[in-house]
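Here's the letter readout for the chains.
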Amino acid sequence: MTGRGLSFQLFSNGNVMLIMLLAVSHPATADEQNIPAVVSNIIEQTCSDCHGQDNAEAGLDLTSLSFQLTDPAVRQRWILIHDRVQQGEMPPQREDLSHQQRTNMTNSLGDALHDADAAEVAQFGRGPLRRLTRVEYENKLRDLLKLSLLDVRDKLPEDRQWHGYTKVSELLDISRVQLEGYLDAAEAALSRAIASGTKPVESRHFRFTGTDLFPELSTFGEREAMFFARDGKMVPITGAEFAKMSPQQRRDPTLELALFRSATWPYYGYPRGFRAEHAGSYRVRFSARAVRQVRDFRIVPAHEPLPMSFRARQPSGADVSGDVRETGGWIDLAAEPQVFETTILLKQGETFEYSLLGLPVPFIRTDGGFFYDYPPMPAEGHRGAAFGWLEVDGPMQPAQWPPESHRVLFGNLPIRSVSEPGAENQRYAIKVVTEQPQADAERLFRRFARRAAGRPVPEEAIATYLALIESKLDDNAPFAEAMIQGYQAFLCSGHVLYLKEPVSDAVGGCDQFALASRLSHFIWNTGPDLPLQQLAEAGRLRLPAVLRDQADRMIEDERFQRFVADFTNQWLDLSQLRRDIPDNRLYPEYRKDDYLVDSMERETQAFFSEVIRENLPATTLVHADFTFVNDRLARHYDLPRTAGSAMRRIELPKSSPYGGLLTQASILKLTANGTTTSPVLRGVWVMRKILGDPPPPPPKNVPTIEPDIRGASTIRDLLAKHTESESCAACHARFDPVGFALENFDVMGAWRDRYRGLEQGDKVTGIDPAGHPFIYFVGPPVDSAGQLRDGRTFRNIQELKILLAAQPRRLAKNLLHQFTLYATGTPVRFSDRQEIEAILDRCEADGYQIRDLLREFVTSDVFAGP
């Protein structure tokens, strides 16, 4: 079965190049030549001149091509032929086949292909057995063990991708290295779940004031980047003065920490001396306000809120920081002092640093020595924050002990300290006490296995793991260690790691536990919860009305955001958003603007969540009159000012070019390379991801086009020369026009009317946000007009969006294809096509509303099995 799913998707999308590789003449036997008469007649009359024995163009001889459709490779060849004839691409002259002939041929061939593909699905399923991705596995362990902040993803190897997707069954194999990773992840999770002692680790309280609010007396960027202040004025403190100060003077509560730079390298700024003794959640309370630094190191109230977060990291210098990650969420500081509270997650030995969002970073100077210069002061002063005090409490402990995670493993069995007599040689900090180890082991393991598998586990499998546990107990292993061994082995077994197809069982019914698992991994990226399991056990989940209701319930749950984040990461390639850094020479205004990039991601996620939850039509994906912005994105899009970091829905002005996925900054950034934009890359991305019509890969002997960053030639000029050959022009006509419409957006998605270059055009000079002087040149105007393959023309992106929205069924169909690959691990097969069309028919009257599409999809045979 290996290879069928991926090759089908490639062929079904009309990959012209692959026919040269796969449609090689194959001598046919008499039994194989059961070609429908209408098909063989048309081949003989119309196709054999170009694709016969004497003249097999592109290596394709239709007169001797096998028709043994039980062979997946042969079937794929005929699927490609079917699609190219149906789409009017073959014969090259459309008039060579009348409409009726074309219809008769594709109907006859399509019936044969459908029957052959459906027979294979009935025998083997839609695709190979699928392993959990590392995202799904981490989520499953979090939910199973009641450890919402569990972090074990990095213990697992990266999942392989296919066009952004990590849920492709054929790529989710299992190797020794991967199995070791799952064993390590399971062991780490179970060790985290077990009680750390007979009572919680003592939660400690820390309070920081005065100079203890920062690890040093200054930071990179010198006084302009950070200083201590009292009554709105800087209080200069030298190292010598600090050495003479008493602890009370150093902790002077009248001092404020004034900070004016983002937490971008080089930087380290955390409370002096704080380090987490234990991993866990910590509550942080602090008093802070948004300020402006004006002349002579004075601070005054800010005009607008300032967003900030915290970053967990090792308490090291700027260059040796280890794992630095945001924690605690985004917080907006106001002009008046306020007390804020958040929860941060720290690993053992970590600290946390202040992270102000969207502020400048220092300029590394080498003239006259090596130092970090701060950018020139704007007219209204440097934006920043002033912190009055900060408190940390933690690690935070659950309301009852042992914690819920421990009770998942050991129920209510008593525990005692390993320091007590008779509890020596323990691997864990506690000993689980049992008077009936075999009976308790069986009871606990059966309960755990049922929850972990999300379905009844066969008795022979249960016996295998109980035997492992009993062997450990027979070797005098402590009860907890023996149980953890059994749990770890089960968590790395096929009962947990693999998702079964919800195919018919021996008595002809759907495997509803497999259906529950598929539904939960589709919408929540985790195992099924109790309501889904109960419906599966009662045999009611396969009922269409029940499936729709469950999909609605799950969409309204907070875990639906896992689907939004993971699906957009894969479908829209958002996982690659931070891949390319803007070229500082051409785009100095974006230097180290992490806040902008993070805001881009949140916009797309909020937008996609909205179109599903509000059941908006499929056309909204390309043509919407609203979007989600915060203060940074509103400025980026040149929209009316918005205060704060929170994403909020706004109605777009009628004249705005924005609205829909195509013009969101995240999409425009990830389809550029940080230096230049390319209509080819953007056009191909839109055709593949939004319209479902990916072009064939370029020939290996054709060089790629390198945009002219000097500014002498536009990309349209370069492409015109590139497509002078007929073969190049025919292919580029599929995607270049769409890409040209997006040329009015730069590498970060901001509007532009003219291209930039480094040598030619009108000179522009200035100082970037980090204080670097820059020079670039504004060159020729952007020409965003184009003509689609069907002859429709447009002048700009607004008109293109109208044209694309005029084909709502195409947009909806592509989204169903994306759902299919993400949910089942296998692309839409030929035998699925009728079902996909049936879903579209049911949703047509209401404009192909996206929540309706999802609800109908989960009730379909493609998703839920026949």
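The model shown is predicted, which means the values in this text are computed figures rather than measured ones.

**With respect to the side chain of Asp159**
Relative to the helices and strands, Asp159 is located in the loop between helix 6 (134-144) and helix 7 (176-193). According to the relative accessible area criterion, Asp159 is buried, its value standing at 10%. Polar contacts involving the side chain of Asp159 include one to the main-chain amide nitrogen of Arg134, which spans 2.9 Å.

**Some remarks on the confidence of the model for the protein**
When pLDDT is averaged across the protein, the result is 89; 88% of the residues are at 70 or more. Within the model, the stretch residues 1-32 combines pLDDT values under 50 with 85 contacts to residues more than four positions away or in other chains.

**Things to note about empty space enclosed by the protein**
Inspection of every chain in the model, using the stated rule, returns three cavities of 30 Å³ or more. Approximately 80 Å³ is the volume attributed to the second largest cavity. Considering the residues around the second largest cavity, the lining is formed by Pro128, Leu129, Arg130, Ser169, Leu499, Lys500, Glu501, Arg518, Ala823 and Thr824.

**Regarding unusual backbone geometry**
A cis amide bond, omega 0°, links Trp265 with the succeeding residue Pro266. Inspection of the secondary structure assignment puts Pro266 in the loop between strand 5 (256-259) and strand 6 (280-294). Omega for the peptide link from Trp401 to Pro402 comes to 0°, which places this bond in the cis form. Take Pro402: it is sitting in the loop between strand 14 (382-394) and helix 11 (404-410). One non-glycine residue, Lys146, lies in positive phi territory at about 60°. A positive phi angle, near 55°, is found at Asp638, a position not held by glycine. With respect to the helices, strands and loops of the structure, Asp638 is situated in the loop between helix 21 (631-636) and strand 19 (648-651). The exposure class of Asp638 is exposed, given its relative accessible area of 70%.

**Describing helix 13 (residues 459-474)**
Here helix 13 spans 22 Å end to end across 16 residues, near enough to the 22 Å set by a 1.5 Å rise per residue. Turning to helix 13, its buried residues are Ala461, Ile462, Tyr465, Leu466, Ile469 and Leu473. When helix 13 is viewed along its axis, its buried side chains cluster within an angular range of 125° and face the same direction. Away from the buried face of helix 13 by more than 90 degrees, exposed residues Glu460, Thr464 and Asp474 are located.

**A word on the sheet that holds strand 9 (residues 325-333)**
Sheets are built from strands paired through backbone hydrogen bonds, the pairs being either parallel or antiparallel. The three strands are arranged 9-8-11 in an open sheet whose pairing can be described as antiparallel. Edge positions in the sheet fall to strand 9 and strand 11 (351-356), since each has one partner strand and no second. Sheet twist, expressed as the average angle between the axes of neighbouring strands with direction ignored, equals 25°. In terms of strand pairing, strand 8 (residues 306-313) meets strand 9 through six bridges, oriented antiparallel. What sits directly across from Ala312, in strand 9, is Arg325.

**A few points about a nonpolar patch on the surface**
A cluster of nonpolar side chains, namely Trp265, Ile364 and Phe370, defines an oily patch on the protein surface of about 310 Å² accessible area. Looking at where Phe370 falls in the secondary structure, it is placed in the loop between strand 12 (363-365) and strand 13 (371-373). Its relative accessible area of 58% is what places Phe370 among the exposed residues.

**A look at the pattern of salt bridges**
As enumerated under the stated definition, the model contains 69 salt bridges in all. The shortest N-O distance in the salt bridge between Glu136 and Lys167 comes to 3.1 Å. Of this pair, Glu136 sits in helix 6 while Lys167 sits in the loop between helix 6 and helix 7, placing them 31 residues apart in sequence. Each member of the pair, Glu136 as well as Lys167, carries the same accessibility label: buried. With its nearest N and O atoms 3.1 Å apart, the salt bridge here joins Arg542 to Asp861. Of the two residues, Arg542 sits in the loop between helix 17 (530-537) and helix 18 (544-556) while Asp861 sits in helix 30 (residues 861-864), which places them 319 residues apart along the sequence. Note on Arg542: relative accessible area 16%, which makes it buried. For Asp861, a relative accessible area of 37% gives the class partly exposed. The structure contains a network of salt bridges with shared partners spanning Asp151, Asp323, Arg325, Lys347 and Glu350.

**Description of the packing of helix 16 (residues 512-523) against helix 17**
Their axes nearest at 8 Å, the elements helix 16 and helix 17 cross at an angle of 155°. As judged from the angle between their axes, helix 16 and helix 17 are roughly antiparallel. The hand of the helix 16/helix 17 crossing is right-handed. Taking contact as the criterion, the partners of Gln512, Phe513, Ala516, Leu519 and Ser520 in helix 16 are, on helix 17, Leu532, Gln533, Leu535, Ala536 and Glu537.

Basis of the calculations
- Residues numbered from 1 in each chain as written.
- Predicted model: local features only at pLDDT ≥ 70, side-chain atom pairs only at ≥ 80, totals over all residues.
- Heavy atoms only, no water.
- Helix = DSSP H or I, 4+ residues; strand = E, 2+ residues; numbered from the N terminus.
- Buried < 20%, exposed > 50% of the residue type's maximum accessible area, 1.4 Å probe, protein only.
- Polar contact = N/O pair within 3.5 Å; in protein donor to acceptor, adjacent residues only side chain to side chain.
- pLDDT = per-residue confidence, 0-100.
- Contact = heavy atoms within 4.5 Å.
- 1 Å grid on protein atoms, 1.4 Å probe; cavity = no way out; pocket = protein on both sides within 12 Å on 5 of 7 lines; lining within 4 Å.
- Points joined across faces, edges and corners; volume = space filled by probe spheres on them.
- Expected span 1.5 Å × (residues − 1).
- Arc of directions from axis to C-beta.
- Pairing = 2+ DSSP bridges.
- Axes fitted to C-alpha atoms, helices over the stretch in contact; angles between N-to-C directions.
- Patch = residues over 30% accessible without salt bridge, like charges linked within 9 Å, V, L, I, M, F, W, Y side chains within 5 Å.
- Areas by Shrake-Rupley, 256 points an atom, 1.4 Å probe, with all protein chains shown as cover.
- Salt bridge = Lys/Arg side-chain N within 4 Å of Asp/Glu carboxyl O.
- Parallel < 35°, antiparallel > 145°, perpendicular 65-115°, else oblique.
- Left-handed = near helix turned anticlockwise from the far one by under 90°.

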